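Topology and contacts: notes
So the chains spell out like this:
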Amino acid sequence: MIGLGGAVVPGLVLIGLLVELIFKALPAIGYSGLRFLTGSTWNFGADYATPVTTNGLTHLQGEEFGALPQILGTLATSAIALIIAVPVSVGAALLIAERLPRRLAGIAGVFLELLAGVPSVLVGLWGAVTLGPIVARHVSPLIAHTVGRIPGLTGFFGQSTGSGQGLFTSGLLLAVMVIPIIASTSRDLIRGVPVLPREGAVALGMSDFECARKVTLPWIASGILGAVVLGLGRALGETIAVAMVCGVALGSLPTNLYGAMVTIAANIVQNLETAITDPMDISAFAELALALMVITLLTNVVATLLVRRVSGTAIPVGRGL
Amino acid sequence: MPSAAELSATPALRAVDLTLSFGSRAVLSGITADIQNGAVTAVIGPTGSGKTTLLRTFNRMNDKVTGYRHTGDVLLDGRSIWSPAVELMALRRRVGMLFQRANPFPMSIMDNVAAGVRAHKLAKGGEIREIARERLVEVGLWDAVSSRLKDSPFRLSGGQQQLLCLARALAISPEVLLLDEPTSALDPMATESIEKLIRTLVPKITVIIVTHNMAQARRVADRTIFLHQQQLVERGPTQQVFESPAREETARYVSGRFG
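Residues numbered from 1 in each chain as written. Chains lettered and ligands numbered in written order. Predicted model: local features only at pLDDT ≥ 70, side-chain atom pairs only at ≥ 80, totals over all residues. Heavy atoms only, no water.

**Considerations on the overall build of chain A**
Applicable threshold: The helix and strand labels rest on DSSP assignments: H or I over at least four residues marks a helix, E over at least two residues marks a strand, and numbering proceeds from the N terminus. Accessible area is worked out with a 1.4 Å probe on protein chains only. A residue is then buried under 20% of its type maximum, exposed over 50%, and partly exposed in between. Contacts between residues were defined by any pair of non-hydrogen atoms, one from each residue, lying within 4.5 Å. Only the protein chains shown count as cover for residues, and all accessible areas are computed by the Shrake-Rupley method using a 1.4 Å probe. As used throughout, the charge tally considers Lys and Arg to be positive and Asp and Glu to be negative, leaving His and the chain termini uncounted. Here the site of a charge means NZ on Lys, CZ on Arg, CG on Asp, or CD on Glu.
The helix and strand tally for chain A stands at 13 helices and four strands. In chain A, which comprises 321 residues, the share counted as buried stands at 42%. When contacts within chain A are restricted to residue pairs at least 6 apart in sequence, those whose partners lie at least 24 apart make up 79%. For chain A, the accessible surface area stands at approximately 15,600 Å², while carbon and sulfur atoms represent 70% of it. Within chain A, the 15 negative side-chain charges are centred at a point lying 16 Å from the centre of the 16 positive side-chain charges.

Laid out in structure tokens, this is it:
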């Protein structure tokens, strides 16, 4: 019975949550319509003015819920995080699994797991106090003066490099939080690759790098993709650390790598106090939460489809040698 | 073009007083042996006699094993395989290997055969496909796979997978081919086809085969080396080693009294 409960409860909770969110979001959906997805202005309205009624919906004066910057900001920070984290994690996993002496590999593994367990508020504080200024002073100017000079990339990479509170710092910080997840999973997967095909590659005169690229990593491609999805889930939903380094600029589309911006989660945590006094604001937050949930579910579905495609050509699990 | 007599006079590989250990465990002791050019040489001996280690030394597959140490030498065409002038990847192109069990790579059948050719940049595009086709024909796999070259190799039977691995090893035109009990995981039919193939490889390629199967050694090998307790006990033409061995242990082993 307990087993059955364990199987059913998560489903019920998920459905309950979804129903609750939709129900709560209805007024905001009615109020904003498609502007929620296309608009860039987010205004909590005049708290102390008399509420007005439009189309039967009571709301504060000046309220406007354009969530495009937050939706794109959520996607952009996660994308940057993965672009950095995936190669670093897979490289680190290869290093730990294949190159380091056993004892060093063990120590490196412990550090990975510890890093995964650091509370995000701590990571966020480090990001705001240490990483942000380093990014602003050293990293951003470097990128702006190299990549930013390439014609066509000037707009996104070459603009003024900002304060260190913004898109790039957020992505970098998320990468730090996602790397332990992808790296430790990849390391375990690499250790599980049978010796025989790798020896085959070595005996054929392939270098270690070629062996990793052509045999070891393709062997576990679907598993690594799974680890990446896990990391992506973390990056999309990570709240407090991003709120501390993104600058929380509600109206800014992420059109400049260094500029202040905002994610869905960062807005919710940062402005809950403002929103909680007005039912329409809270309804808009419910709609935001719904959007975040849809984004997370969609990426999971896409990833599952990708995993199926990849494992079509690679190794069916359990069919190894 | 050297004559057949000259060819067989120069050994393809020569082990000179080769002694090898992994940590404190001695695995080979004072092995001196010539591997005849263009012939099939079988390495036989009981489990733990060092057969596979000897085979894996010829393409330096042991080098990275923890605690590996050796004294003595192995000469390929008269030059030490550990000489600084010998590039490891190039050595492994010249000395190919087939393993106890098939080990296809996680890529298409075509890419498997092409893998070595690409790694050594021996050919490009259409040439690679032509080489792959030739080798698949050579191992008798072409008809079975020609319509599904882009498919996964893991759906092939065990015997077909091993033939694919043989085609892959042959695609980079090795001079020496090391076979480590290549049929031990295969059924009799697949074993027979591999054995027939081995005979077609000589004299173009020098073949060394480690086998537990006496009958197989007698069927495929021109010459036989018998290892026992890390030492080379006897070597010579296969018929002689099996029918009139010079040493008592050899006689006992080949007649199935131990091992």
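**A few points about the confidence of the model for chain B**
Under the convention used in this document: Think of pLDDT as the predictor's per-residue confidence, scored from 0 to 100.
Looking at chain B as a whole, the pLDDT averages 93, with 96% of positions reaching at least 70. Both confidence scores are given for the complex: pTM 0.86, ipTM 0.91.

**Focus on the interface of chain B and chain A**
Operational definition: In this description, buried area is defined as the sum, over both parts, of the accessible area (probe of 1.4 Å) that is lost when the two are combined. Note on definitions: salt bridges are taken to be side-chain nitrogens of Lys or Arg within 4 Å of carboxyl oxygens of Asp or Glu. Throughout, the ten residues Ala, Val, Leu, Ile, Met, Phe, Trp, Tyr, Cys and Pro are labelled nonpolar, Asp, Glu, Lys and Arg are labelled charged, and all others, Gly among them, are labelled polar.
Counting from both sides, the interface comprises 26 residues of chain B and, opposite them, 23 residues of chain A. Taken together, the two surfaces of chain B and chain A that pack against each other cover about 2,100 Å², and 63% of this comes from carbon and sulfur. At the junction of chain B with chain A, the criterion picks out two salt bridges. Between B:K64 and A:D208 there is a salt bridge, and its shortest N-O distance comes to 2.9 Å. Mapped by element, the contributors of at least two residues to the side of chain B that touches chain A are helix 3 (88-94), strand 6 (95-98), helix 4 (109-119) and helix 7 (158-170) of chain B. A per-element tally of the side of chain B that touches chain A places helix 4 of chain B first, with three residues. Counted by class, the side of chain B that touches chain A contains 15 nonpolar, five polar and six charged residues.

**A word on the packing of helix 4 of chain B against helix 7 of chain B**
Residue and element names in this part refer to chain B. Stated precisely, the cut-off is as follows: Axis definition: a line fitted to C-alpha atoms, over the contacting stretch in the case of helices. Angles run 0 to 180 degrees between N-to-C directions. The hand of a helix crossing depends on one turn: near helix anticlockwise from the far one by less than a right angle means left-handed, and clockwise means right-handed.
Running from amino to carboxyl end, helix 4 crosses helix 7 at an angle of 35 degrees, the nearest separation of the two axes being 6 Å. Of the two elements, helix 4 crosses helix 7, and the hand of that crossing is right-handed. Across the interface between the two elements, I109, N112 and V113 from helix 4 touch L164, A167 and R168 from helix 7. Residue classes in the contact of helix 4 with helix 7 are distributed as four nonpolar, one polar and one charged.

**Side note on the sheet that holds strand 4 (residues 68-76) of chain B**
All names here are of chain B. Rule in force here: Strands are treated as partners if at least two bridges between them are detected by DSSP.
Spatial ordering of the open sheet is given by 2-1-4-5, a layout of four strands whose pairing is antiparallel. On the outer flanks of this sheet lie strand 2 (25-36) and strand 5 (79-80), each paired with one strand and no other. Sheet topology note: the strand 1 (residues 11-22)/strand 2 ladder contains eight bridges and is antiparallel. Looking across to strand 2, one finds that A15 is bridged to A33.

**Topic: the pattern of salt bridges**
This model, assessed by the stated rule, comprises 20 salt bridges over all chains. For A:D208, the salt bridge is made with A:R99, and the minimal N-O distance between the two is 2.8 Å. Linking A:D208 in helix 9 (residues 208-219) with A:R99 in helix 3 (residues 68-99), this pair joins segments that are 109 residues apart in sequence. By relative accessible area, A:R99 is classed as exposed at 55%. Bridged by salt links that share partners, the residues A:R99, A:D208 and B:K64 form one connected network.

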